[in-house]
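Structural overview for review
Here is what each chain is made of, one letter per residue.
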Amino acid sequence: MAGQDTKLYSLEEVKKHNGTDDPRVWIIYKDSVYDVTDYLEEHPGGGDLITEFAGLDATKGFDDFGHSSDAKKQLKSFKIGEVVEEERAGKAKKKTEKKSATVTITDSPTKKPQTRSCISIVTCGLCG
Ligand code: HEM
């Protein structure tokens, strides 16, 4: 949850800090925004692995490597804010989950169909 003093950034704003348009390198990890510019040279995997995600959501890249809890603690120290609520990764997911959860079955298996199917009507018509 964003506290009162937490700065909020849009995805567009984060994108600008990609080390090219702007010298700073920001990444997103689980809806939080980190300025990792000063860590690039220290990174045991090399700075390039991080700059690949400059200005973008690095959650998958960071988790796929399986970083230690120490690495996660270090990451926390670079936090500068959070992604604005309406653009968070989890937000879009929740919407689709809700949609697929409402399926209602109304037909009883013992009931015979009241109307003929289109195929049988067409077949009868063709046979005369
Ligand atoms: C964003 C994408 C990132 C990728 C793809 C990535 C990938 C990697 C890889 C491949 C290594 C292994 C290096 C080796 O053993 O030769 C590594 C190690 C490490 N990374 Fe990253 N890294 C990323 C971001 C970060 C960030 C932002 C931090 C901290 C601020 C961090 C902290 C560490 C630490 C502390 C290690 C040493 C092993 C450990 O404690 O887990 N990494 N990383």
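Data block above holds the structure.
The sections below set out a description of the structure shown in this document. Bear in mind the structure is a predicted one, so any value in this text is a computation, not a measurement.

Digging into the coordination of the iron atom of the ligand
Donor atoms from the polypeptide that bind the iron atom of the ligand are His-43 (NE2) and His-67 (NE2), placed at 2.0 to 2.1 Å. Taken together, the 6 donor atoms coordinating the iron atom of the ligand and their angles of 86 to 179 degrees define a geometry best described as octahedral. A residue pair is termed long-range when its members are at least 10 positions apart, and His-43 in the loop between strand 3 (32–35) and helix 2 (47–51) and His-67 in the loop between helix 3 (59–65) and helix 4 (69–76) qualify at 24 residues. On the basis of relative accessibility, which here comes to 14%, the residue His-43 falls in the buried class. Accessibility expressed as a relative area gives 18% for His-67, which makes it buried.

Quick notes on the side chain of His-67
Of the polar contacts made by the side chain of His-67, one reaches the backbone oxygen of Phe-62; its length is 2.8 Å. Dropping the residues within four chain positions of it, His-67 is found in contact with His-43, Phe-62 and Lys-72.

Section: the sheet that holds strand 2 (residues 26–29)
Strand order in this open sheet of 4 strands is 1-4-3-2, and the pairing throughout is mixed. Of all the strands in the sheet, the pair left with one neighbour each is strand 1 (8–9) and strand 2. Taken together, the 4 bridges between strand 2 and strand 3 define a ladder with antiparallel strand orientation. Each residue of the ladder has a partner; that of Ile-28, found in strand 3, is Val-33. Helix-sheet contacts for helix 4 involve strand 2, strand 3 and strand 4 (79–83), and the interaxial angle to strand 2 is about 125 degrees.

Quick word on the packing of aromatic side chains
If you walk through the whole model with that rule in mind, you get 3 aromatic pairs. Between Tyr-9 and Trp-26, the aromatic rings sit 4.9 Å apart at their centres with planes inclined by 65 degrees, giving edge-to-face as the arrangement. Remark: Trp-26 occurs in strand 2 and Tyr-9 occurs in strand 1; sequence separation between them is 17 residues. Its relative accessible area of 8% is what places Trp-26 among the buried residues. With a centroid separation of 5.5 Å and an interplanar angle of 50 degrees, the aromatic rings of Tyr-39 and Phe-78 are classed as tilted. With Tyr-39 in the loop between strand 3 and helix 2 and Phe-78 in the loop between helix 4 and strand 4, this residue pair connects regions lying 39 residues apart in the sequence. Judged by relative accessible area, Tyr-39 falls into the buried class, the value being 12%.

Describing the site of the ligand
Neighbouring the ligand are 19 residues; Tyr-39, His-43, Phe-65, His-67 and Ser-68 lie closest to it. Interatomic distance of 2.8 Å between a side-chain N/O atom of His-43 and a nitrogen atom of the ligand. A distance of 2.8 Å separates a nitrogen atom of the ligand from a polar atom in the side chain of His-67. Residue composition of the shell around the ligand, by class: 13 nonpolar, 6 polar and no charged.

Here is what the cut-offs are and how they apply
- Residues numbered from 1 in each chain as written.
- Predicted model: local features only at pLDDT ≥ 70, side-chain atom pairs only at ≥ 80, totals over all residues.
- Heavy atoms only, no water.
- Donors = N, O, S within 2.8 Å, 3.2 Å for Na, K, Ca; no water.
- Tetrahedral: all angles 85-135°; square planar, octahedral: opposite > 155°, others 65-115°.
- Helix = DSSP H or I, 4+ residues; strand = E, 2+ residues; numbered from the N terminus.
- Buried < 20%, exposed > 50% of the residue type's maximum accessible area, 1.4 Å probe, protein only.
- Polar contact = N/O pair within 3.5 Å; in protein donor to acceptor, adjacent residues only side chain to side chain.
- Contact = heavy atoms within 4.5 Å.
- Pairing = 2+ DSSP bridges.
- Axes fitted to C-alpha atoms, helices over the stretch in contact; angles between N-to-C directions.
- Phe/Tyr/Trp six-rings, centres within 6.5 Å; stacked < 30°, edge-to-face > 60°.
- Near = heavy atom within 4 Å.
- Nonpolar A, V, L, I, M, F, W, Y, C, P; charged D, E, K, R; others polar.

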